[in-house]
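The residues making up each chain are set out below.
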Amino acid sequence: MNPTFRQLTVFLAVAEHGSITAAAQACHITQPTVSMQMRELSDAIGLPLYEQIGKRLYLTAAGKALVETARAMTEEWERFEQGIAAMKGHTKGKLRVTVASTAKYFVPRILGSFCGRYPEVDIALEILNRDQIVQRLSVNADDLYIMSMPPEEIDLVKQAFVANPLVVVAPATHRLARKRKLALSELEGESFILREPGSGTRLAGDAHFAGLGFKPKIRLELGSNEAIKQAVAVGLGLTVLSRHALNPTTDGGTLVVLRVAEFPVHSNWWVVYPRGKRLSPIANVFLEHLAAMAKKLAVT
């Protein structure tokens, strides 16, 4: 077998995107070129690497095994390139970061300052819900992950990053909006609009409510913090959100944080990666940058 390094990188794009067309766009080559590269790679391996059902590609057992090997090879080469760049006094290369959707409220500040300091680093950023992050974690698809509820079923290295307080949010016109202190029991009968099951915010909120013996009356489940804030603002119910998701400039006139005695829920954002993973030089530099940024991102 004599596959080329280029064929392996194109194959990884096909595996990630599940489409020849999408892989061609990601690799900036033509669709026929991708198809030809995949035929040659399959011939070199001696087994089909994927099968097409409708418009979607599905990896075969050989394809899944090749993904692991190809990813390990490309990561090792990237570490080598970054190490050589460091010897030359440069910090350049690629950094892959996947973050939970709520982290989009502060991640741009982190990346902006990082890219300003290291302009030769290319960053591939994915913003996903928790279930999608866990899926990428399970196949070691990225360098680092930022999430609020790391999975227990995967052996991870976890570093606490910044506090992620969860608060009860109501429309500014709500009857309880001006009360100085509320017991959770005063929210009995109130409708709640919550994140979808499986999201980090929902998992933490459900666990907190269960521990207090409180069962919220759920009116809606939405997969977007912005959609939830809009629904709350027009009076459809209360919600539990990360304080990071609230913007005093845009939300201050329509939303208010209720002073519930049992809140905020104290949780953290975590930076995680699979145990045993060898971080690239750039990933280590980014971890140092995150530590330096932590105090600037703190909310109460």
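All values derive from a computational prediction rather than experimental measurement. (Residues numbered from 1 in each chain as written. Predicted model: local features only at pLDDT ≥ 70, side-chain atom pairs only at ≥ 80, totals over all residues. Heavy atoms only, no water.)

Attention shifts here to the side chain of R195. Along the chain, R195 turns up in strand β8 (residues 191-195). A polar contact of 2.9 Å, which involves the side chain of R195, links it to the side chain of E196. Among residues more than four places away in sequence, those in contact with R195 are S101, T102, T201, R202, E221, L222, G223, S224, N225 and I228. (Helix = DSSP H or I, 4+ residues; strand = E, 2+ residues; numbered from the N terminus. Polar contact = N/O pair within 3.5 Å; in protein donor to acceptor, adjacent residues only side chain to side chain. Contact = heavy atoms within 4.5 Å.)

Here we take up the environment of V169. Looking at the element boundaries, V169 is found in strand β7 (residues 166-171). Each C-alpha atom of the pair V169 and N247 lies 12 Å from the other, and the pair is 78 residues apart in sequence.

Counted by the stated rule, this structure contains ten aromatic pairs. When the ring of F106 is compared with that of F161, the centres are 6.1 Å apart and the planes differ by 50°; the resulting orientation is tilted. Placement of the pair is F106 in the loop between β3 (93-100) and α5 (107-117) and F161 in strand β6 (residues 156-163), with a sequence separation of 55 residues. Across this residue pair, the class does not change: F106 and F161 are buried. Measuring from centroid to centroid gives 5.9 Å for F192 and F209, while their planes differ by 75°, and the two rings are edge-to-face. Highlighted residues: F192 in strand β8 and F209 in helix α7 (residues 200-211), separated in sequence by 17 residues. Like F209, F192 is buried. Among the aromatic residues, those joined into a cluster by ring pairs are F192, F209, F214 and F263. A cation over a ring is seen here: K158 above W270, with NZ or CZ 5.5 Å from the ring centre. (Phe/Tyr/Trp six-rings, centres within 6.5 Å; stacked < 30°, edge-to-face > 60°. Buried < 20%, exposed > 50% of the residue type's maximum accessible area, 1.4 Å probe, protein only. Lys NZ or Arg CZ within 6 Å of the ring centre and 35° of its normal.)

Viewed as axis vectors pointing N to C, helix α1 (residues 5-17) and helix α4 (residues 61-87) meet at an angle of 120°, and their least axial separation amounts to 9 Å. By the angle class used here, α1 and α4 are oblique. Note that α1 runs across α4; the crossing there is left-handed. Residues F5, L8, T9, F11, L12 and A15 of α1 form the contact with α4, whose participating residues are G63, L66, V67, A70, R71, M73, T74 and W77. Looking at the contact of α1 with α4, its residues break down into ten nonpolar, three polar and one charged. (Axes fitted to C-alpha atoms, helices over the stretch in contact; angles between N-to-C directions. Parallel < 35°, antiparallel > 145°, perpendicular 65-115°, else oblique. Left-handed = near helix turned anticlockwise from the far one by under 90°. Nonpolar A, V, L, I, M, F, W, Y, C, P; charged D, E, K, R; others polar.)

This part takes up the environment of T74. Considering the arrangement of structural elements, one finds T74 in helix α4. Under the relative-accessibility criterion, T74 is labelled buried at 10%. For the pair formed by T74 and L12, sequence separation is 62 residues and the distance between their alpha carbons is 9.5 Å. Setting aside chain neighbours within four positions, we find T74 in contact with F5, T9 and L12.

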